[in-house]
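Fold and contact review
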Amino acid sequence: MKFTKFGRVAAVAALAALTLTSCAANEGTAAGDSTDVESKLTGTLVGGGASSQQSAQEAWVAAFQGMHPDVTVEYDPAGSGAGRDTFIAGGSAFAGSDRAFKDEELAEDNFAACVPGTGLVELPAYISPIAVVFNLEGVDSLNLDPATIAGIFAGTITNWNDEAIVSQNPDAELPDQAITPVHRADDSGTTENFTDYLNVTAPDVWTWEADGVWPDAVTGGEAAQQTSGVIDAVTSGTGTIGYADASRAGDLGTISVKVGEEYVPYSAEAAAAIVDASPAAEGRGEGDLAIELDRASTEAGVYPIVLISYLIGCTEYEDADSAKLVKEYFSYIVSEDGQKVSAEAAGSAPISSDIAEKSAAAIELIK
């Protein structure tokens, strides 16, 4: 389902549909617990946002509903921007987003589902590399440095046999063929993470700041809606290249990115390595675990084109029943079992024990 913005009164009415017919789940049925204690948790939990999380959310929903048969979880992978807007408007009880809310957005304190002035929990629950994928006959992988990747997407490198590409791939048979870059048409956290990488690592080529909306000044190529649209466009085209959550790369060709003096292919381990090497965002609330990724890292084995997709909810909900469902669902996702499920379903990197511990403490703030 899709949502539109509406006022606080309508939002609260919408959240009334998130009804629980009993109090909390039985003691002993905490998220991730495999004991056969009958769950008393019931109701419908509505969330939406990042399409990067789609495969993981499908797996989390199936597992969570298996533990709580009387609970329905609905997640609409409409994109990070749409998910944040819907959450702000109160049309969902939680959001998935490939970036945390910005300081100025938090300062507006206009989250319809939340008690004013109580803040948010933002949990880095899904960590995944962003794969640069391409479709070029006879070529399965390429090595590229940041300036070359930036030049391709900025439209200054337009042919596959350009010297910038050939010089880094002397053994590849690169055709005299036009490059068709594919970008997201919607407001996307994946785009924001990708353009942040381009701006940080190749600022002389990619002169635009990070943004979830593709810059109007960059013309040419194709635009596609959501992760699935980008993958479809790259797959159905020839000489195409795009960027997407690595879980959706499939059989497409992929880029190994130059970091320091080596070319690093994407992997869950390499994505986790850069997250662990990056600092927490400054000035955030107690339950806000936003991270400032170090895109320019030259440490061995790190893959810098990575997204951290957040679970976002209220620390205090206007509707107490919504809080109970969100608290249980978030607890399951950050648990060892929840992270194992998403790793198997989407190839994501399980969060570190440190992030898991901090996330559990943040979830305890939800009421």
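Let me begin by describing the structure that accompanies this report. (Residues numbered from 1 in each chain as written. Predicted model: local features only at pLDDT ≥ 70, side-chain atom pairs only at ≥ 80, totals over all residues. Heavy atoms only, no water.)

1. Focus: the overall build of the chain
The cut-off we apply is this: Helix and strand assignments come from DSSP, with helices taken as H or I runs of at least 4 residues and strands as E runs of at least 2, each series counted from the N terminus. For the area figures, the Shrake-Rupley method with a 1.4 Å probe applies, and any residue is considered shielded solely by the protein chains shown.
Scanning the chain for helices and strands turns up twelve helices and eleven strands. Surface accessibility of the chain: about 14,900 Å² in total, with carbon and sulfur atoms responsible for 47%.

2. Thoughts on the pattern of salt bridges
Our working definition: A side-chain nitrogen of Lys or Arg and a carboxyl oxygen of Asp or Glu constitute a salt bridge if their distance falls within 4 Å. Residue burial is assigned from relative accessible area. The probe radius is 1.4 Å, only protein chains are included, and a residue is buried under 20% of its type maximum, exposed over 50%, and partly exposed in between.
Under the defined criterion, the tally for this structure stands at twelve salt bridges. As a salt-bridge pair, aspartate 354 and lysine 358 come within 3.3 Å of each other at their nearest N and O atoms. Here aspartate 354 pairs with lysine 358, and both are found in helix α12 (residues 353-363), just four residues apart, close to one helical turn. Accessibility expressed as a relative area gives 40% for aspartate 354, which makes it partly exposed. Accessibility expressed as a relative area gives 46% for lysine 358, which makes it partly exposed. Overlapping salt bridges bring together Arg99, Lys102, Glu105 and Glu192 as one network.

3. Considerations on the state of the cysteines
Note the cut-off: Count a disulfide wherever a pair of cysteine sulfur atoms falls within 2.5 Å.
Scanning all chains against the criterion turns up one disulfide. One disulfide in the model links cysteine 114 with cysteine 314; its S-S distance is 2.0 Å. Since a negative S-S torsion denotes a left-handed disulfide, the cysteine 114-cysteine 314 link at about -75° is left-handed. Remark: cysteine 314 occurs in strand β11 (residues 306-314) and cysteine 114 occurs in the loop between α4 (103-108) and β4 (120-135); sequence separation between them is 200 residues.

4. Considerations on helix α9 (residues 268-276)
Rules: Contacts are assigned to residue pairs with any non-hydrogen atoms lying within 4.5 Å of each other.
When we look at burial in α9, the residues that qualify are Ala268, Ala270, Ala271, Ala272, Ile274 and Val275. Elements in contact with the buried residues of α9: β4, β10 (262-264), β11 and α12.

5. A word on the packing of aromatic side chains
Under the convention used in this document: Stacked, edge-to-face and tilted are the three classes for Phe, Tyr and Trp ring pairs, Trp counted by its six-membered ring, which pair at centre distances within 6.5 Å; planes under 30 degrees apart are stacked, over 60 edge-to-face, the rest tilted.
Considering all chains together, one arrives at 15 aromatic pairs under this definition. The interplanar angle of 55° and the centroid separation of 5.7 Å between the aromatic rings of phenylalanine 94 and tyrosine 329 together place this pair among those described as tilted. Taken together, the residues phenylalanine 94 in strand β3 (residues 94-97) and tyrosine 329 in helix α10 (residues 320-334) connect sequence positions 235 residues apart. Of the residues examined, tyrosine 329 reaches a relative accessible area of 0% and is grouped as buried.

6. Concerning the nonpolar core
For soluble globular proteins, the rule of thumb is that nonpolar side chains tend to be buried together. Basically, it comes down to this: Each nonpolar core is a collection of buried residues, namely Ala, Val, Leu, Ile, Met, Phe, Trp, Tyr and Cys, held together in the definition by side-chain atoms within 4.5 Å.
Grouped together as the largest cluster of nonpolar side chains are 93 residues, with contacts concentrated most on Phe87, Ile149, Phe153, Phe194, Tyr329 and Phe330. For this core, the element with the most residues is β4, which contributes nine residues. Aside from chain neighbours lying at most four places away, what touches isoleucine 149 is Leu144, Phe194, Tyr197, Leu198, Ile255 and Val257. Core analysis: the next-biggest nonpolar cluster, separate from the first, contains twelve residues, Ala224, Val230, Val234 and Leu252 among them.

7. A look at the packing of α10 against α12
Condition: A fitted line through C-alpha atoms serves as each axis, taken over the contacting stretch for helices, and the angle formed by two N-to-C directions is quoted from 0 to 180°. Roughly parallel covers angles under 35 degrees, roughly antiparallel covers those over 145, roughly perpendicular covers 65 to 115, and oblique covers all other angles. Note on residue categories: nonpolar means Ala, Val, Leu, Ile, Met, Phe, Trp, Tyr, Cys or Pro, charged means Asp, Glu, Lys or Arg, and polar means any other residue, Gly included.
At a minimum axis distance of 10 Å, the contact between α10 and α12 shows a crossing angle of 175°. Classed by the angle they form, the pair α10 and α12 counts as roughly antiparallel. Contacts from Lys327, Phe330, Ser331 and Val334 in α10 reach Ala356, Ser359 and Ile363 in α12. In the contact of α10 with α12, the residues fall into four nonpolar, two polar and one charged.

8. Quick word on the environment of asparagine 161
Relative to the helices and strands, asparagine 161 resides in the loop between α5 (146-154) and α6 (163-166). C-alpha separation for the pair asparagine 161 and alanine 172, spaced eleven residues apart in sequence, amounts to 9.9 Å. Those residues in contact with asparagine 161, other than ones at most four positions away along the chain, are Val166, Leu174, Pro175 and Asp176.

9. Topic: the packing of helix α2 (residues 54-67) against helix α11 (residues 336-346)
We count it as follows: Crossing handedness is read from the near helix: turned anticlockwise from the far helix by less than a right angle, it gives a left-handed crossing, and turned clockwise, a right-handed one.
Relative orientation of the contacting elements α2 and α11 amounts to 130°, with a least axis distance of 8 Å. One element, α2, and the other, α11, form an angle in the oblique class. Seen along the crossing, α2 lies across α11 with a hand that is right-handed. Between α2 and α11, the residues in contact are Ser55, Ala56, Ala59 and Trp60 and Gly338, Gln339, Val341, Ser342, Ala345 and Ala346, respectively. Looking at side-chain class alone, the contact of α2 with α11 contains six nonpolar, four polar and no charged residues.

10. Quick look at the environment of aspartate 245
Note the threshold: N or O atoms within 3.5 Å of each other form a polar contact, as long as, within protein, one can give a hydrogen and the other can take it, and as long as residues adjacent in sequence are counted only when both atoms are side-chain atoms.
Looking at where aspartate 245 falls in the secondary structure, it is placed in strand β8 (residues 240-245). Classification of aspartate 245 by relative accessible area gives buried; the value is 0%. Ignoring any residue separated from it by four or fewer positions in sequence, one finds aspartate 245 in contact with Ser52, Tyr126, Ser128, Pro129, Thr227 and Leu307. Among the polar contacts listed, one links the side chain of aspartate 245 to the side chain of serine 128, at a separation of 2.9 Å.

11. Quick look at the pairing of strand β2 (residues 71-76)
Put simply, the rule reads: Should DSSP find at least two bridges between two strands, the strands are regarded as paired.
Where strand β1 (residues 43-49) and β2 come together, six bridges link them in parallel fashion. Opposite valine 46, over in β2, you have glutamate 74 as the bridge partner.

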